[in-house]
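Here is what each chain is made of, one letter per residue.
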Amino acid sequence: SQKIEQNSEALNIQEGKTATLTCNYTNYSPAYLQWYRQDPGRGPVFLLLIRENEKEKRKERLKVTFDTTLKQSLFHITASQPADSATYLCALDPGNTPLVFGKGTRLSVIA
Amino acid sequence: DVKVTQSSRYLVKRTGEKVFLECVQDMDHENMFWYRQDPGLGLRLIYFSYDVKMKEKGDIPEGYSVSREKKERFSLILESASTNQTSMYLCASRLRGNTIYFGEGSWLTVV
């Protein structure tokens, strides 16, 4: 069956370091992969989208990679700040059916 | 900016009551979705709609129904609320093939 996993339920990191979050999937051939941020009690907010033919995408301090051979995406936040503390969700987008979300990784950036 | 508005932020209902959760989007999106989110279970898709008057079951449709009479509005109905439907409900919309926009969420407590 189709499966998407975010390896860490929670990740603690020191301010200024790079946070790396992992998303693995099986039995999918996604056209896109997306990352969202969710703050407590709020709806998720879109951050980045990467296509299957793209290896890497950047936006300010954020970087996403997409390896369709490994069936894995990595999400990096460089120079992390306490304001980056949130839950981060990855989502597979097959292109013609609803997105499938991972359960999320709760990131805490400690000052 | 795209806006997805959920009519009620917090609701408390009694077991057996019929509950309506309303969602309106202002960007003429074709696709609309209802998810519920519970600790440890992530986002789970209840129902979605590709267009007016169309509806498709998601992963957990039991105990729910939906209505989409107008393009901008997608309603989730709990026919007879039960305590195991206590959750945060998230509405979302998207243009096909693009990012998904979420509402702020509706916290439903069934007592």
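Below: a short report on this structure. (Residues numbered from 1 in each chain as written. Chains lettered and ligands numbered in written order. Predicted model: local features only at pLDDT ≥ 70, side-chain atom pairs only at ≥ 80, totals over all residues. Heavy atoms only, no water.)

1. Side note on the overall build of chain B
Rules: Every helix listed is a DSSP run of H or I at least four residues long, and every strand listed is a run of E at least two residues long, numbered separately from the N terminus. The reference for a compact globule is 2.2 Å times residues^0.38; the radius of gyration itself is calculated from the C-alpha atoms. The contact criterion used throughout is that any non-hydrogen atoms of two residues lie within 4.5 Å. We treat Lys and Arg as the positive residues and Asp and Glu as the negative residues; His and chain ends play no part in the count. In this description, the location of a charge corresponds to atom NZ of lysine, CZ of arginine, CG of aspartate or CD of glutamate.
Scanning chain B for helices and strands turns up zero helices and twelve strands. Taking 2.2 N^0.38 as the reference for a compact globule, 111 residues should give roughly 13 Å; the C-alpha atoms of chain B span a radius of gyration of 13 Å, in line with that estimate. Across its three principal directions, the C-alpha atoms of chain B cover 35 × 25 × 25 Å. Across chain B, contacts joining residues at least 24 apart in sequence account for 54% of those joining residues at least 6 apart. Here chain B carries 16 positive and 15 negative side-chain charges, and the mean point of each set is 3 Å from the other.

2. Digging into the interface of chain A and chain B
Put simply, the rule reads: Using a 1.4 Å probe, buried area is obtained as the accessible area two parts lose upon being combined, added over both of them. A carboxyl oxygen of Asp or Glu within 4 Å of a side-chain nitrogen of Lys or Arg is what we treat as a salt bridge.
Residue-level contacts link 19 residues of chain A with 23 residues of chain B. Of the roughly 1500 Å² buried between chain A and chain B, counting both surfaces, carbon and sulfur atoms make up 56%. Considering only the side of chain A, the residues that lose the most area to chain B are Pro98, Phe101 and Lys103 of chain A, jointly responsible for 30% of the buried surface there. The tally of links from chain A across to chain B stands at two salt bridges.

3. As for the side chain of glutamine 37 of chain B
Here glutamine 37 of chain B lies in strand 5 (residues 31-38). Those residues in contact with glutamine 37 of chain B, other than ones at most four positions away along the chain, are Gln38 of chain A together with Gly42, Leu43, Ser87, Met88 and Leu90 of chain B.

4. A word on the packing of aromatic side chains
Note the following rule: Whether two aromatic rings pair depends on their centres lying within 6.5 Å, for rings of Phe, Tyr and Trp, where Trp uses its six-membered ring; planes under 30 degrees apart make the pair stacked, over 60 edge-to-face, and the rest tilted.
In the structure shown here, the tally under the stated rule is 13 aromatic pairs over all chains. Three or more aromatic residues joined by ring pairs make a cluster, and in this case those are Tyr36, Phe46 and Phe101 of chain A together with Phe33, Tyr35, Phe48, Tyr50 and Phe102 of chain B.

5. Considerations on the pattern of salt bridges
Our working definition: Only protein chains enter the accessibility calculation, which uses a 1.4 Å probe. A residue is then buried if its area is under 20% of the maximum for its type, exposed if over 50%, and partly exposed in between.
The full count for this structure, using the stated rule, is twelve salt bridges over all chains. The closest approach of N and O atoms between aspartate 93 of chain A and arginine 94 of chain B, which form a salt bridge, is 2.7 Å. Placement of aspartate 93 of chain A in strand 9 (residues 86-93) and of arginine 94 of chain B in strand 10 (residues 87-94) is noted, with the two residues assigned to different chains. Arginine 94 of chain B carries the same exposure label as aspartate 93 of chain A, and that label is buried. Counted as one network, the salt bridges with shared partners bring together Arg36, Asp38 and Arg44 of chain B.

6. Considerations on the nonpolar core
The following threshold applies: Nonpolar cores were defined as sets of buried Ala, Val, Leu, Ile, Met, Phe, Trp, Tyr and Cys residues, with membership established by side-chain atoms within 4.5 Å.
Counting residues in hydrophobic clusters, the biggest one holds 23 residues, and the most contacted among them are Leu33, Trp35, Phe75, Ile77, Tyr88 and Leu107 of chain A. Counting residues per element, the ones that place at least two in this core are strand 3 (19-26), strand 4 (32-38), strand 5 (45-51), strand 7 (62-67), strand 8 (72-77), strand 9 and strand 11 (105-110) of chain A. In terms of nonpolar packing, the next biggest core, distinct from the first, is built from 20 residues, Met32, Trp34, Leu76 and Leu108 of chain B among them.

7. A short note on the sheet that holds strand 7 of chain A
All names here are of chain A. Selection criterion: At least two DSSP bridges between two strands are needed for those strands to be called paired. Note on geometry: axes are lines fitted to C-alpha atoms, helical ones only across the stretch in contact, with angles between N-to-C directions running from 0 to 180 degrees.
As summarised here, the arrangement of the five strands in space is 1-3-8-7-6, forming an open sheet in which the pairing is antiparallel. In this open sheet, the two edge strands, each paired with only one partner strand, are strand 1 (3-6) and strand 6 (56-59). Recorded for the sheet is a direction-independent mean angle of 15° between the axes of neighbouring strands. The pairing of strand 7 with strand 8 spans six bridges and is antiparallel.

8. Side note on the pairing of strand 7 of chain A
Residue and element names in this part refer to chain A. When strand 6 meets strand 7, the two strands line up antiparallel, connected through four bridges. In the strand pairing of strand 7, lysine 57 is matched with valine 64. Between strand 6 and strand 7, which follow one another and run antiparallel, lie two residues, and glutamate 60 among them has a positive phi close to 55°. Taking the residues that link successive antiparallel strands as the turn, the strand 7-strand 8 hairpin has four residues, and the phi of lysine 71 there is positive, at about 55°.

9. Things to note about the state of the cysteines
Between two cysteines, a covalent bond joining their sulfur atoms is known as a disulfide. Our working definition: Criterion for a disulfide: a pair of cysteine sulfur atoms within 2.5 Å.
As enumerated under the stated definition, the model contains two disulfides over all chains in all. Through a disulfide, cysteine 23 of chain A is tied to cysteine 90 of chain A; the S-S separation comes to 2.0 Å. Here the S-S torsion is close to 65°, and the disulfide linking cysteine 23 of chain A with cysteine 90 of chain A is therefore right-handed. Of this pair, cysteine 23 of chain A sits in strand 3 while cysteine 90 of chain A is found in strand 9, placing the two residues 67 residues apart along the sequence. Cysteine 90 of chain A carries the same exposure label as cysteine 23 of chain A, and that label is buried. Across the disulfide, cysteine 23 of chain B is cross-linked to cysteine 91 of chain B (sulfur-sulfur distance 1.9 Å). Where cysteine 23 of chain B bonds to cysteine 91 of chain B through sulfur, the torsion about that S-S bond is close to -80°, and the disulfide is left-handed. A residue pair is termed long-range when its members are at least 10 positions apart, and cysteine 23 of chain B in strand 4 (residues 23-25) and cysteine 91 of chain B in strand 10 qualify at 68 residues. Judged by its relative accessible area of 0%, cysteine 23 of chain B falls in the buried class.

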